[in-house]
Amino acid sequence: QVAGLKLKRAQVLAYQGRPLAQIVFSDGEGRPIALCVIGNGDQSRTTDIALAEVQGLESAAFSRDGFSFLLIGPTDQAAISSFADAFQGLFAQS
């Protein structure tokens, strides 16, 4: 679990014929924060967190161990960055 986020729901979708996990949390103010995970097929590919704004939403993307991660929500860049650091740390432990 990531401090400051409460799990709301999870679902498996499809994107370009591949499974995509979408895990939705809410932050302390009730805003939705989505974590999307999809396999990228490259076990050796690890990327640092890249921050961006997408249509008014803050996002953070990174890859590790054959998966690509996108965290996105209507919060500030510092919060998204902090949440992304926490998730990246969780995935590094597994």
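We now turn to the structure provided with this report. All figures in this text were calculated on a predicted structure; none of them were measured in a lab.

This part is about the overall build of the chain. On a plain count of helices and strands, the chain comes out with 1 helix and 6 strands. When its helices and strands are written in sequence order, the chain yields β-β-β-β-β-β-α. For 94 residues, the compact-globule formula gives about 12 Å, and the C-alpha radius of gyration of the chain, at 13 Å, lands near that figure. Projected onto its principal axes, the C-alpha positions of the chain cover 35 × 25 × 25 Å. Each of the 94 residues in the chain was classed as buried or not, and the buried ones make up 35%. Taking the contacts inside the chain whose residues are at least 6 apart along the sequence as the reference set, 36% of them involve residues at least 24 apart. Carbon together with sulfur atoms contributes 53% to the accessible area of the chain, which is approximately 5,600 Å² in total. Across the chain, the centroid of the 7 positively charged side chains sits 10 Å from that of the 9 negatively charged ones.

Time to look at the pattern of salt bridges. A pair can form between side chains of opposite charge whenever their charged atoms are brought close. Counted under the stated rule, the structure contains 3 salt bridges. Among the ionic pairs, Asp27 bridges to Arg31, the shortest N-O distance being 2.7 Å. We classify Asp27 as buried; its relative accessible area is 8%. We classify Arg31 as partly exposed; its relative accessible area is 25%. The network of salt bridges with shared partners includes Asp27, Glu29 and Arg31.

Time to look at the sheet that holds strand β1 (residues 6–15). Strand order in this open sheet of 6 strands is β1-β2-β3-β6-β5-β4, and the pairing throughout is antiparallel. Only two strands of the sheet have a single neighbouring strand rather than two, namely β1 and β4 (47–54). Here the average twist between neighbouring strands, direction ignored, is 20 degrees.

Mapped onto the elements of the fold, Gln88 is located in helix α1 (residues 77–93). Leave out the neighbours within four places in its chain, and Gln88 touches Thr47, Ile49 and Phe62.

Aromatic ring pairs are described here by two measures, namely the spacing of the ring centres and the angle between the planes. The full count for this structure, using the stated rule, is 4 aromatic pairs. Centre to centre, the rings of Phe62 and Phe69 are 4.7 Å apart; their planes meet at 15 degrees, and the pair counts as stacked. Comparing Phe62 with Phe69 shows no difference in burial state: the two are buried. Ring centres of Phe69 and Phe91 lie 4.6 Å apart, and the angle between their planes is 20 degrees; on these two criteria the pair is classed as stacked. Here Phe91 lies in helix α1 and Phe69 lies in strand β6 (residues 67–73), a separation of 22 residues in the sequence. Grouping aromatic residues by their ring pairs yields a cluster made of Phe25, Phe62, Phe69, Phe87 and Phe91.

With that settled, the discussion passes to the side chain of Arg64. For Arg64, the position within the fold is in strand β5 (residues 57–64). At a separation of 3.2 Å, a polar atom in the side chain of Arg64 contacts the side chain of Asp65. Ignoring sequence-local partners within four residues, the contact set of Arg64 consists of Arg45, Thr46, Phe69, Phe91 and Ala92.

Conventions we followed
Residues numbered from 1 in each chain as written. Predicted model: local features only at pLDDT ≥ 70, side-chain atom pairs only at ≥ 80, totals over all residues. Heavy atoms only, no water. Helix = DSSP H or I, 4+ residues; strand = E, 2+ residues; numbered from the N terminus. Rg over C-alpha atoms; globule rule 2.2 N^0.38 Å. Buried < 20%, exposed > 50% of the residue type's maximum accessible area, 1.4 Å probe, protein only. Contact = heavy atoms within 4.5 Å. Areas by Shrake-Rupley, 256 points an atom, 1.4 Å probe, with all protein chains shown as cover. Lys, Arg positive; Asp, Glu negative; His and termini not counted. Charge placed at Lys NZ, Arg CZ, Asp CG, Glu CD. Salt bridge = Lys/Arg side-chain N within 4 Å of Asp/Glu carboxyl O. Pairing = 2+ DSSP bridges. Axes fitted to C-alpha atoms, helices over the stretch in contact; angles between N-to-C directions. Phe/Tyr/Trp six-rings, centres within 6.5 Å; stacked < 30°, edge-to-face > 60°. Polar contact = N/O pair within 3.5 Å; in protein donor to acceptor, adjacent residues only side chain to side chain.

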